[in-house]
Amino acid sequence: MALIVQKYGGSSVADASGVKRVAKRIAESKRAGNDVVVVVSAMGDTTDELIDLANAITPVPPSREMDILLTAGERISMSLLAMAIANLGIEARSFTGQQAGVITDDVHGKARIIDVTPSRIQAAIDEGAVAIVAGFQGVTQHTNDVTTLGRGGSDTTAVALAAALKADVCEIYSDVDGVFTADPRIVPSARKIDRISYDEMLEMAASGAKVLVLRCVEYARRYGVPVHVRSSFSAHTGTMVTNYEDAEGGDEGADVMEQPIIAGVAHDSSEAKITVVGVPDVPGTAAHIFEVVAGSGVNIDMIVQNVSAAATGLTDISFTLPATDGTAAMTALAESQAEVGFASLQYDDTIGKLSLIGAGMKSHPGVSARLFSALSAAGINIEMISTSEIRISVVTRADQLADAVRAVHTAFDLDSSEDEAVVYGGTGR
Ligand code: ADP
Ligand code: ASP
Ligand code: MG
């Protein structure tokens, strides 16, 4: 008998028939003799609709109220799912994040889990019930205020619960058959990856492959939780996210020890670029600029500084950041203009980022050359470049991003010769 934590995303429970379909799947796992804990997301695009509703009331909703509003989505799906499971003759009890013991810091909208004390969940499974937990939410340690974990945060709830309960596996059910070599919505010839390392999955998630949210992968790696990404619409085996060293047994184990050069291509169109124009090229200026940005609570991604023009001693510094933080960063920078002494600011949210990820690239020459020539053959201009040991990212025009991803996917021989990748549901929103 195993303890399995299963997470069902919004597309899997988009309507009443989806809820009933998922309930059947949970009942099958339970009847097969497993203890089952389920984490569920809000139905379909409910979270986006609630955000739209708040924005129709006020342009800057108070973050505490926003969190209470958004957690309502997961309360709807958890209770409906518990009812659907009960209809199949299996006892099910739903719990809010607070009831499930998900304790967070007090950063509304992107709270971090600091502890999980799932005594009520443990009691429910000990008594033979299926426990259903609302994803994406927790409660602050000191004030008992309700928090949310950031978009896609139900994945993190699932892995955190799996770690706290010492579950055998955390299954993430979505609308695709697993992690693919690129987003199947834009690359139909993408291939399903059978096994991927935590490190590669971290880079994929950080680079925009939203099939797993970044924090969930960080958490899984830290606590060694094996994650199985699969579809709730099919019975296919999905993708195992683990350490390569954890691969089991004989020849098969030896095979997976050999890491592929490239795991996949990720894309992200949610970033914007700010250029600080006419910056005095003297020590301390870059530090000053990025202190101002950090002071506005914004995380930056890529940075490029031009060579300064000899005649003027001035340079330009560009950096990328989440477009949702664009206003905060621009406001803070504008206020610092006289002090820092730059000439002007430019804002561009029509950029896209492509990332090529693979643990094998650190020991294989020629990967960057192949990437850049694929992009140039497709007529795509590169605006910025950044690298890690196992990732190369480039910024392009947003409207060329999908073409860029397809060109690079083909150039690295990632296209599948089998059937097209299936996207079973979801709106891609
Ligand atoms: P859920 O509602 O189940 O949480 P998400 O929409 O958050 O689902 O994540 C699933 C989506 O992630 C897929 O529909 C797909 O479009 C997208 N995606 C992006 N990159 C990848 C990838 N490399 N492999 C699989 N899916 C990906
Ligand atoms: N419902 C939340 C969202 O849409 C959390 C999740 O689905 O993981 O972001
Ligand atoms: Mg998701």
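Reading guide: rules and limits
- Residues numbered from 1 in each chain as written.
- Chains lettered and ligands numbered in written order.
- Predicted model: local features only at pLDDT ≥ 70, side-chain atom pairs only at ≥ 80, totals over all residues.
- Heavy atoms only, no water.
- UniProt positions renumbered as here; feature names shortened; annotations may be inferred.
- Helix = DSSP H or I, 4+ residues; strand = E, 2+ residues; numbered from the N terminus.
- Pairing = 2+ DSSP bridges.
- Axes fitted to C-alpha atoms, helices over the stretch in contact; angles between N-to-C directions.
- Contact = heavy atoms within 4.5 Å.
- Parallel < 35°, antiparallel > 145°, perpendicular 65-115°, else oblique.
- Left-handed = near helix turned anticlockwise from the far one by under 90°.

**A few points about the UniProt feature "domain: ACT" (unreviewed entry) in the protein chain**
The positions UniProt marks with the feature "domain: ACT" (unreviewed entry) are residues 274-350 and 356-429. A helix fraction of 32% and a strand fraction of 31% characterise residues 274-350, whose end C-alpha atoms lie 11 Å from each other. The span residues 356-429 is 30% helical and 19% strand by assignment, and the distance between its end C-alpha atoms comes to 23 Å.

**A look at the sheet that holds strand 20 (residues 391-397)**
Read across the open sheet, the four strands follow the order 13-18-20-19; overall the sheet is antiparallel. Of all the strands in the sheet, just strand 13 (264-268) and strand 19 (384-388) have a single pairing partner and so form its edges. This sheet shows a mean twist of 20° between the axes of neighbouring strands, independent of strand direction. Here strand 18 (residues 351-357) runs beside strand 20; their pairing, made up of seven bridges, is antiparallel. Across the sheet, G352 pairs through a bridge with T396, a residue of strand 20. Helix 6 (residues 198-206) rests against strand 13, strand 18, strand 19 and strand 20 of the sheet, and its axis sits at about 170° to strand 18. Taken strand by strand, helix 12 (residues 367-377) contacts strand 18, strand 19 and strand 20, and its axis lies near 20° from that of strand 20.

**Concerning the packing of helix 1 (residues 16-31) against helix 3 (residues 63-87)**
Where helix 1 meets helix 3, the axes come as close as 9 Å, and the angle between the chain directions of the two elements is 60°. By the criterion of interaxial angle, the relationship of helix 1 to helix 3 is oblique. Crossing angle aside, the handedness with which helix 1 passes helix 3 is right-handed. Facing V19, K20, V22, A23 and I26 of helix 1, the residues of helix 3 in contact are L80, L81, A84 and I85.

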